[in-house]
Amino acid sequence: MHTYKPLHCDLHDYLEIACLCGYTLDIELTDGQRLTARAITTRTSNTQEEFLEVETADGRQEIRLDRLFAITPQDKHARFGRVVLAMGDRTDR
C-alpha cells in the first residue's frame, strides 16, 4: 500500500460525529468502491496510520482514512450531509 497521507484535522470531526452517533454511512473509497457500514470508532496505529472501524453485514473492518473519498450519513436526522474527505480525485476517474 502507498505511503499514508493524513486526513485534514477539520475533517476528523465528521468521522467522530459519525462514530459517536453510530451513523450508517454510504462510504465512497478512492478506488471507486462503495460500501454501506455503521461507523464504530477511529484509531491510530503505532505507525501513525489512522483508521475508521466500521461494521458491515459481513462483520467489522478497518478502512485507512486516506482510502476514504467521501461519506454520506444514511440516518434521517444526521447532523451533516455528504462530506468529501479526499484531497484529490478518485483513481477511477
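Just so we're clear, the structure is a prediction, and the values are computed from it rather than from any experiment. (Residues numbered from 1 in each chain as written. Predicted model: local features only at pLDDT ≥ 70, side-chain atom pairs only at ≥ 80, totals over all residues. Heavy atoms only, no water.)

1. A short note on the side chain of Asp26
And step 1. By the secondary structure assignment, Asp26 is in strand β1 (residues 24–29).
And step 2. The exposure class of Asp26 is buried, given its relative accessible area of 14%.
And step 3. A distance of 2.4 Å separates polar atoms of two side chains, one belonging to Asp26 and the other to Arg34.
And step 4. Setting aside anything within four residues of it in sequence, one finds Asp26 in contact with Arg34, Leu35, Ala70, Ile71, Thr72 and Gln74. (Helix = DSSP H or I, 4+ residues; strand = E, 2+ residues; numbered from the N terminus. Buried < 20%, exposed > 50% of the residue type's maximum accessible area, 1.4 Å probe, protein only. Polar contact = N/O pair within 3.5 Å; in protein donor to acceptor, adjacent residues only side chain to side chain. Contact = heavy atoms within 4.5 Å.)

2. Regarding the sheet that holds strand β2 (residues 34–44)
The pairing of strands in a sheet comes from backbone hydrogen bonds and takes either a parallel or an antiparallel form.
And step 1. Read across the open sheet, the six strands follow the order β4-β3-β2-β1-β5-β6; overall the sheet is antiparallel. The sheet terminates laterally at β4 (59–64) and β6 (83–84), the two strands that pair on one side only.
And step 2. Where β1 lies against strand β5 (residues 68–73), five bridges are found, and the strand directions are antiparallel. In the strand pairing of β5, Asp26 is matched with Thr72.
And step 3. The sheet contacts of helix α1 (residues 9–21) involve β1, β2, β3 (50–56), β5 and β6, and relative to β2 the element is tilted by about 105 degrees. (Pairing = 2+ DSSP bridges. Axes fitted to C-alpha atoms, helices over the stretch in contact; angles between N-to-C directions.)

3. Quick word on the pairing of β1
And step 1. β1 sits mainly inside the fold: five of its six residues count as buried.
And step 2. Here β1 pairs with β2 via five bridges, running antiparallel. Its bridge partner being in β2, Thr24 is matched across the sheet by Arg38.
And step 3. The hairpin formed by β1 and β2 contains four residues between the paired strands, and Gly32 there has a positive phi angle of roughly 95 degrees.

4. Topic: the pattern of salt bridges
And step 1. Scanning the model with the defined rule gives nine salt bridges in all.
And step 2. A salt bridge links Glu55 to Arg38, with the nearest nitrogen and oxygen atoms 2.7 Å apart. In this pair, Glu55 is assigned in strand β3 and Arg38 in strand β2, connecting sequence segments 17 residues apart.
And step 3. Taking relative accessible area as the criterion, Arg38 reaches 33% and is therefore assigned partly exposed.
And step 4. When salt bridges that share partners are traced, they join Asp26, Glu28, Arg34 and Arg82 into one network. (Salt bridge = Lys/Arg side-chain N within 4 Å of Asp/Glu carboxyl O.)

It is worth stressing that arrangement in space is one thing and function is another; only the former is reported here.
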